[in-house]
Amino acid sequence: MNIEALHFKEGYLHILDQIKLPFSVEYIITDDYEIIASAIERLSVRGAPAIGIAAAYALALSVKNVATEIENKFYTAYKRIAKTRPTAVNLFYAIDRMKKLAENRNHELSYNVLLEEAIKIHNEDIALCDGIAETGLKLFTKKMRIITHCNTGALATGGGGTALNVIKKAFQNNLVEIVYADETRPLFQGSRLTAFELAEEGIPFKIITDSTAAFLFKNKLVDIVITGADRIAANGDSANKIGTYNLAVLCSFHNIPFYIAAPSTTIDKKCSTGNDILIEERDKSEINSINDHRITLDHYHAFTPAFDVTPCNLITGIITESNIYSAPYNFNHV
């Protein structure tokens, strides 16, 4: 698939506007960090690795063509970007790495220095995605029937993806029978984005409602579940798109392996357990309307966490670019 979540060209960041998918392929082309911040908030760019990469480019662009008070411009942009998506640890991995570079007195703070680092972060994620696919392939010893949740492919990363990249790699080796893509309410990242990627790759799939998974498990129609993560705590507890915990509980009950696939940059060693993960709450409009069409009354209250946390004891293994970890999780050498 040639479509990328984002790419940098001739001084501008090109962001595939994922709100418009799968009906149209449109790019936001900008060198304004505020526009990038807004794109992250409204999910035009989403997925923890892609968010981090976009944030790094945003900080570089914040000082483009700036001649005076360059540090003030940088820190203003840093504070703005830091507020966009609090759960995704890759955001903070990227912007703190850029901040550390900005504070390095061995060189002058400049657009070119920051841009070089942002490009490096992007290229590193491409390599991480490739490594995750190679590592995850070890799980496939026969043709598998797979459930995945949300979107974890090229649209969520700087490279080929995480969980969906494992599935793509398995398909290339004739080890995928079918993929069941959870629609992923409330914003349908599964039915809009994962289905889009699977169709582009020619991988057989069916979209299911989030509540259909239990039916598939009960009728022995699933061999494995692989999802991504937005933040992994030091003990292995993993935050991912709301509905992931449901799948893990179902897997435990039906004795089906449940795997998380994520780059090592998604592991937050400073976060002891899932209880320390801040869960972003979204606007109720994402529940009471679809594509700006209201499906219930606007004055009804709603509870809208964007993520849930799957306890480590429900996770069969965590796939990174270098290893498949199992409980008890120890990421000291990651």
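To be clear, the structure that these remarks concern was listed above.
Right, let's walk through the structure included here. This is a predicted model, so every value here is computed, not measured.

**Points about the overall build of the protein chain**
Counting its regular elements, the protein chain contains 10 helices and 16 strands. Here the protein chain has a C-alpha radius of gyration of 19 Å; the compact-globule value for 334 residues is 20 Å, and the two agree. Each principal axis of the C-alpha distribution contributes one length, and for the protein chain these read about 65 × 50 × 40 Å. When the 334 residues of the protein chain are sorted by exposure, 56% land in the buried category. Expressed as a percentage of contacts within the protein chain between residues at least 6 apart in sequence, the contacts between residues at least 24 apart total 74%. As displayed, the protein chain offers around 14,800 Å² of accessible surface, 50% of which is attributable to carbon and sulfur atoms. Distance between charge centres in the protein chain, computed from 33 positive and 39 negative side chains, equals 3 Å.

**Re the sheet that holds strand E7 (residues 224-227)**
Across the sheet, seven strands lie side by side as E6-E5-E4-E7-E10-E15-E16; this open sheet has mixed pairing. A single partner strand is all that each edge strand has here, and the edge strands are strand E6 (205-208) and strand E16 (324-325). Of the strands in this sheet, strand E4 (144-148), strand E5 (176-182), E7 and strand E10 (258-261) are in contact with helix H6 (residues 163-172), which crosses E5 at around 160°.

**Some thoughts on the layout of surface pockets**
Rolling a probe over the atoms, with the probe sized like a water molecule, indicates the empty space that remains. Each pocket or cavity is described by its volume, and for the largest pocket that value is around 550 Å³. Taken together, 21 residues make up the lining of the largest pocket; nearest its centre are Ile19, Leu187, Ile290, Asn291 and Asp292. Of all the secondary-structure elements, those providing two or more residues to the lining of the largest pocket are helix H7 (189-201), helix H10 (285-288) and strand E12 (289-290). Each pocket or cavity is described by its volume, and for the second largest pocket that value is around 350 Å³. Residue lining of the second largest pocket: 13 residues in total, with Val89, Tyr93, Ile267, Asp268 and Lys270 positioned closest to the centre.

**Side note on the sheet that holds strand E2 (residues 12-16)**
Spatially, the three strands line up as an open sheet ordered E1-E2-E3, and their pairing is antiparallel. Each edge of the open sheet carries a strand with a single partner, namely strand E1 (6-9) and strand E3 (27-30). Taken pair by pair, the neighbouring strands of this sheet meet at an average axis angle of 20°, ignoring direction. With four bridges joining them, E2 and E3 adopt antiparallel strand pairing. Counted as the bridge partner of histidine 14 is isoleucine 29 from E3.

**Some words on the packing of aromatic side chains**
In this description, an aromatic ring pair is defined by two values, namely the gap between the centres and the angle between the planes. This structure, assessed with the given rule, holds four aromatic pairs. Seen in terms of ring centroids, phenylalanine 8 and tyrosine 57 are 5.0 Å apart; in terms of plane orientation they differ by 5°. Their pairing is stacked. Of this pair, phenylalanine 8 sits in strand E1 while tyrosine 57 is found in helix H2 (residues 48-61), placing the two residues 49 residues apart along the sequence. Side by side, phenylalanine 8 and tyrosine 57 carry an identical accessibility label, which is buried. Aromatic ring contacts, followed pair by pair, group Tyr325, Tyr329 and Phe331 into a single cluster. A cation over an aromatic ring shows up here: lysine 64 above the ring of tyrosine 12, its NZ or CZ 4.4 Å from the ring centre.

**A word on the packing of helix H5 (residues 111-136) against H6**
The packing of two helices is summarised by the inter-axis angle and the distance between the axes. Running from amino to carboxyl end, H5 crosses H6 at an angle of 55°, the nearest separation of the two axes being 8 Å. Of the possible angle classes, the one that applies to H5 and H6 is oblique. Crossing handedness for the pair H5 and H6: right-handed. For the pair formed by H5 and H6, the contact residues are Cys129, Asp130, Ile132, Ala133, Glu134 and Gly136 on the first element and Asn165, Val166 and Lys169 on the second. Here the residues of the contact of H5 with H6 are counted per class, giving four nonpolar, two polar and three charged.

**Thoughts on H2**
Its 14 residues place the ends of H2 20 Å apart at the C-alpha level, agreeing with the 20 Å of an ideal helix rising 1.5 Å per residue. Buried residues dominate H2, accounting for 14 of its 14 residues.

**Quick notes on the side chain of serine 289**
If you trace the backbone, serine 289 turns up in strand E12. Polar side-chain contacts of serine 289 include one of 2.6 Å to the backbone oxygen of serine 285. Dropping the residues within four chain positions of it, serine 289 is found in contact with Arg294 and Ile295.

**Thoughts on a nonpolar patch on the surface**
On the surface, a cluster of nonpolar side chains totalling about 360 Å² of accessible area is made up of Tyr12, Val25, Tyr27 and Ile29. Among the structural elements, tyrosine 27 can be located in strand E3.

**As for helix H9 (residues 244-254)**
Of all the positions in H9, only Thr244, Leu247, Ala248 and Cys251 are classed as buried. The buried residues of H9 occupy an angular sector of 100° when the element is viewed end-on, so they sit on one face. Of the residues one or two after H9, asparagine 255 is the one with positive phi, at around 60°.

Rules used throughout
- Along each chain, residues carry numbers from 1 onward, in the same order as the chain's sequence is written.
- In keeping with the model being predicted, local features are shown solely for residues with a pLDDT of at least 70 and side-chain atom pairs are shown and tallied solely at 80 or more, while totals for entire chains, interfaces and linings include all residues.
- Side-chain metrics rest on all non-hydrogen atoms present in the structure, leaving aside hydrogens and water.
- Secondary structure elements are taken from DSSP: a helix is a run of H or I of four residues or more, a strand is a run of E of two residues or more, and numbering for both begins at the N terminus.
- Two things to know: the radius of gyration comes from C-alpha atoms, and the globule rule equals 2.2 Å times the number of residues to the power 0.38.
- Buried, partly exposed and exposed residues are distinguished by accessible area as a fraction of the type maximum, computed with a 1.4 Å probe on protein chains only: under 20%, between the cut-offs, and over 50%, respectively.
- Any two residues whose heavy atoms approach within 4.5 Å at even a single point are treated as in contact.
- Reported accessibility uses the Shrake-Rupley method at a 1.4 Å probe radius. Residues are deemed covered only where the shown protein chains occlude them.
- His residues and chain termini do not enter the charge count, which takes Lys and Arg as positive and Asp and Glu as negative.
- In plain terms, the charge of a residue is placed at NZ if it is Lys, CZ if Arg, CG if Asp and CD if Glu.
- Between any two strands, at least two bridges found by DSSP are needed for them to pair.
- Throughout, an axis means a line fitted to C-alpha atoms (over the contacting stretch in the case of helices), and angles, computed between N-to-C directions, take values from 0 to 180 degrees.
- In this analysis, the protein atoms alone were mapped onto a 1 Å grid. Cavities are point sets where a 1.4 Å probe fits without being able to get out; pockets are open sets with protein on both sides within 12 Å along at least five of seven lines; lining residues have an atom within 4 Å of a point.
- Grid points are joined across faces, edges and corners, and a volume is the space filled by probe spheres set on the points.
- The criterion for an aromatic pair is that two Phe, Tyr or Trp rings (for Trp, the six-membered ring) have centres within 6.5 Å, with stacked assigned to planes under 30 degrees apart, edge-to-face to planes over 60 apart and tilted to the rest.
- Note on geometry: a ring has a charge over it if NZ (lysine) or CZ (arginine) is within 6 Å of the ring centre and within 35 degrees of the ring normal.
- Working rule for angles: under 35 degrees goes down as roughly parallel, over 145 as roughly antiparallel, 65 to 115 as roughly perpendicular, anything else as oblique.
- For any pair of crossing helices, the crossing counts as left-handed if the nearer helix is rotated counterclockwise from the farther one by less than a right angle, and right-handed if it is rotated clockwise.
- Classes in brief: Ala, Val, Leu, Ile, Met, Phe, Trp, Tyr, Cys and Pro nonpolar; Asp, Glu, Lys and Arg charged; the others, Gly included, polar.
- One less than the number of residues in a helix, times 1.5 Å, gives the span that helix is expected to have.
- Pairing of N or O atoms within 3.5 Å defines a polar contact, subject to two protein rules: one partner must be a possible hydrogen donor and the other a possible acceptor, and residues neighboring in sequence count only if both atoms are side-chain atoms.
- The patches reported here contain residues having more than 30% relative accessible area and no salt bridge. Joining distances are 9 Å for like charges and 5 Å for nonpolar side chains (Val, Leu, Ile, Met, Phe, Trp, Tyr).
- Whenever a carboxyl oxygen of Asp or Glu lies within 4 Å of a side-chain nitrogen of Lys or Arg, that contact is scored as a salt bridge.
- Starting at the helix axis, one direction is taken to each C-beta atom, and the arc is that of these directions.

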